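Each chain, letter by letter, is given below.
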Amino acid sequence: MTEQNQGAIRVTVWGENVHEGRDESVRKVYPDTMHETIAAALRDKLGQDVVVRTAWLQQDEHGLTEEVLADTDVLTWWGHAAHGDVDDAIVDRVQQHVLSGMGLIALHSAHFSKIFIKLMGTTCSLDWRAENDRELIWTVAAGHPIAQGIPHPLVIEREEMYGELFDIPQPDELVFVSSFSGGEVFRSGCCYRRGQGRVFYFRPGDQEYPTYHQPEVQQIIANAAKWAAPTSPRQLPTVHHRKNPGWFEKA
């Protein structure tokens with residue numbers, strides 16, 4: 001890390017990297033891959049306040065070694081076609097880092113990722129339709145740091161629809177809800193705290209649409225990275241045995 005980046009948020013952008021190699025339609029939208037597009041957006045929006053690396057499914061240990069995660073303040077996660085190919089040992093490793101204080105941003109179909117389901121403890125199932133819906137993203141937590149600088153509503157002209165019921169725990173903070181052309185609504189910006197870590201789920205981002213090229217969407221992810229970054233040294237919560245009941249009076 002260079003001197004100018006000291007104190008910067010260290011973000012690892014993780015991508016499944018399956019559609020980009022398999023589907024010509026996705027390569028046309030994201031010729032540099034989805035994860036590199038998101039990484040470039042974070043560098044553009046946050047400048048010297050961020051250091052970004054990318055990792056993807058096909059790398060050894062999916063690019064998420066113990067060393068990489070220890071050097072990551074915030075991990076963004078996009079997956080869709082290969083959730084089952086993610087090694088359970090890597091999921092456990094990521095969970096331990098989140099519980100210790102690493103932030104996690106789960107994007108779009110990462111609602112079905114092993115790590116998000118493990119952290120939520122529910123099915124994380126939902127309704128969906130891929131029919132070029134218009135999505136309106138409404139801010140419902142005015143003043144929340146993730147919503148700073150975002151229009152109300154934010155309009156995404158073409159996207160996949162996600163609809164309720166979204167089987168997730170009640171969010172600690174609900175920042176955005178979405179409405180769609182068919183009348184459906186969806187909790188599309190959800191904040192959680194798990195152990196010492198902060199988790200943000202953000203709905204938009206189907207691979208067939210240029211959503212991650214949209215500046216306002218990029219700004220939300222950048223805002224979320226700042227919100228999710230740890231504010232104190234990372235430490236896994238542990239059990240402490242108080243052997244002496246008089247410890248307080250003697251302190």
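Residues numbered from 1 in each chain as written. Predicted model: local features only at pLDDT ≥ 70, side-chain atom pairs only at ≥ 80, totals over all residues. Heavy atoms only, no water.

For the chain, an unreviewed UniProt entry supplies the name Trehalose utilization protein and the organism Kribbella pratensis.

Visitor: Teacher, can you tell me more about empty space enclosed by the protein here?
Guide: To find leftover empty space, one rolls a probe the size of a water molecule over the atoms. Enumeration over the complete set of coordinates arrives at one cavity of 30 Å³ or more. By volume, the largest cavity amounts to about 30 Å³. Residue lining of the largest cavity: Ile 38, Ala 41, Leu 42, Tyr 212, Gln 218, Ile 221 and Ala 222, and that is the complete set. Counted by class, the lining of the largest cavity contains six nonpolar, one polar and no charged residues. (1 Å grid on protein atoms, 1.4 Å probe; cavity = no way out; pocket = protein on both sides within 12 Å on 5 of 7 lines; lining within 4 Å. Points joined across faces, edges and corners; volume = space filled by probe spheres on them. Nonpolar A, V, L, I, M, F, W, Y, C, P; charged D, E, K, R; others polar.)

Visitor: What's the story with the sheet that holds strand β3 (residues 74-78) in this structure? I'm lost.
Guide: Across a sheet, strands are paired by hydrogen bonds formed along the backbone, either parallel or antiparallel in direction. One open sheet accounts for nine strands, arranged β2-β1-β3-β4-β9-β8-β7-β5-β6; its pairing is mixed. The open sheet has two edge strands, β2 (50-56) and β6 (154-163), and neither has a second partner. When the angles between neighbouring strand axes are averaged without regard to direction, this sheet yields 25°. The pairing of strand β5 (residues 127-139) with β6 spans seven bridges and is antiparallel. Paired with Trp 128 across the bridge in β6 is Tyr 162. Relative to the sheet, helix α3 (residues 34-46) contacts β1 (9-15), β2, β3 and β4 (103-107), its axis offset from that of β2 by approximately 175°. Sitting on the sheet, helix α5 (residues 88-100) is in contact with β3, β4, β8 (185-194) and β9 (197-202), with an inclination near 115° to β9. (Pairing = 2+ DSSP bridges. Helix = DSSP H or I, 4+ residues; strand = E, 2+ residues; numbered from the N terminus. Axes fitted to C-alpha atoms, helices over the stretch in contact; angles between N-to-C directions. Contact = heavy atoms within 4.5 Å.)

Visitor: Help me out: how do you make sense of helix α7 (residues 215-228) in this one?
Guide: Each turn of an α-helix holds 3.6 residues, which means side chains three or four residues apart point in the same direction. Between its first and last C-alpha atoms α7 spans 20 Å; for 14 residues at 1.5 Å apiece the expected length is 20 Å, and the two agree. Within the span of α7, buried status applies to Val 217, Gln 218, Ile 220, Ile 221, Ala 222, Asn 223, Ala 224, Ala 225, Trp 227 and Ala 228. (Expected span 1.5 Å × (residues − 1). Buried < 20%, exposed > 50% of the residue type's maximum accessible area, 1.4 Å probe, protein only.)

Visitor: How do you make sense of unusual backbone geometry when you look at a structure like this?
Guide: When glycine is set aside, most residues are seen to have a negative phi, and most peptide bonds are trans. Residue Pro 153 is bonded to the preceding His 152 through a cis peptide linkage, with omega at 0°. Its location among the elements puts Pro 153 in the loop between β5 and β6. Even without a glycine there, the phi angle at Thr 33 is positive, about 80°. Position of Thr 33 relative to the elements: it lies in the loop between α2 (24-29) and α3. Classification of Thr 33 by relative accessible area gives buried; the value is 17%. The backbone of Glu 61 sits at a positive phi, close to 55°, despite the residue not being glycine. Checked against the element boundaries, Glu 61 lands in the loop between β2 and α4 (66-70).

Visitor: Which parts of the structure should I look at to understand α5?
Guide: Compared with an ideal rise of 1.5 Å per residue, which puts 13 residues at 18 Å, α5 spans 18 Å between its outermost C-alpha atoms and is within 8% of the ideal. Looking at α5, one finds that the buried residues are Ile 90, Val 91, Val 94, Gln 95, His 97, Val 98 and Ser 100. In this fold, the buried residues of α5 make contact with α4, β3, β4, α6 (114-120), β8 and β9. Here α5 starts with a cap whose side-chain oxygen sits 2.8 Å from the backbone nitrogen of Ala 89, and that cap is Asp 87. (Polar contact = N/O pair within 3.5 Å; in protein donor to acceptor, adjacent residues only side chain to side chain.)

Visitor: Would you take a moment to explain the layout of surface pockets for this structure?
Guide: Computed from the structure, the largest pocket encloses a volume of approximately 160 Å³. Gly 101, Gln 196, Pro 230, Thr 231 and Ser 232 are, among the 14 residues lining the largest pocket, the residues nearest its centre. Looking at the lining of the largest pocket residue by residue, the class counts come to four nonpolar, seven polar and three charged.

Visitor: Would you explain the environment of Asp 60 in this entry?
Guide: Summarising the element assignment, Asp 60 is placed in the loop between β2 and α4. Along the backbone, Asp 60 and Glu 216 are 156 residues apart, and their C-alpha atoms lie at a distance of 33 Å.

Visitor: Honestly, the pattern of salt bridges in this entry has me stumped. Any pointers?
Guide: It is possible for side chains of opposite charge to pair when their charged atoms get near one another. Counted by the stated rule, this structure contains 14 salt bridges. The partner of Arg 93 in a salt bridge is Glu 61, with the nearest N and O atoms 2.7 Å apart. Of the two residues, Arg 93 is situated in helix α5 and Glu 61 in the loop between β2 and α4; the sequence distance between them amounts to 32 residues. Two residues, Arg 187 and Glu 164, come together in a salt bridge whose shortest N-O distance is 2.9 Å. One end of the pair, Arg 187, is in strand β8; the other, Glu 164, is in the loop between β6 and β7 (173-180), and 23 residues separate them in sequence. Here Glu 164 falls in the partly exposed class, since its relative accessible area comes to 27%. (Salt bridge = Lys/Arg side-chain N within 4 Å of Asp/Glu carboxyl O.)

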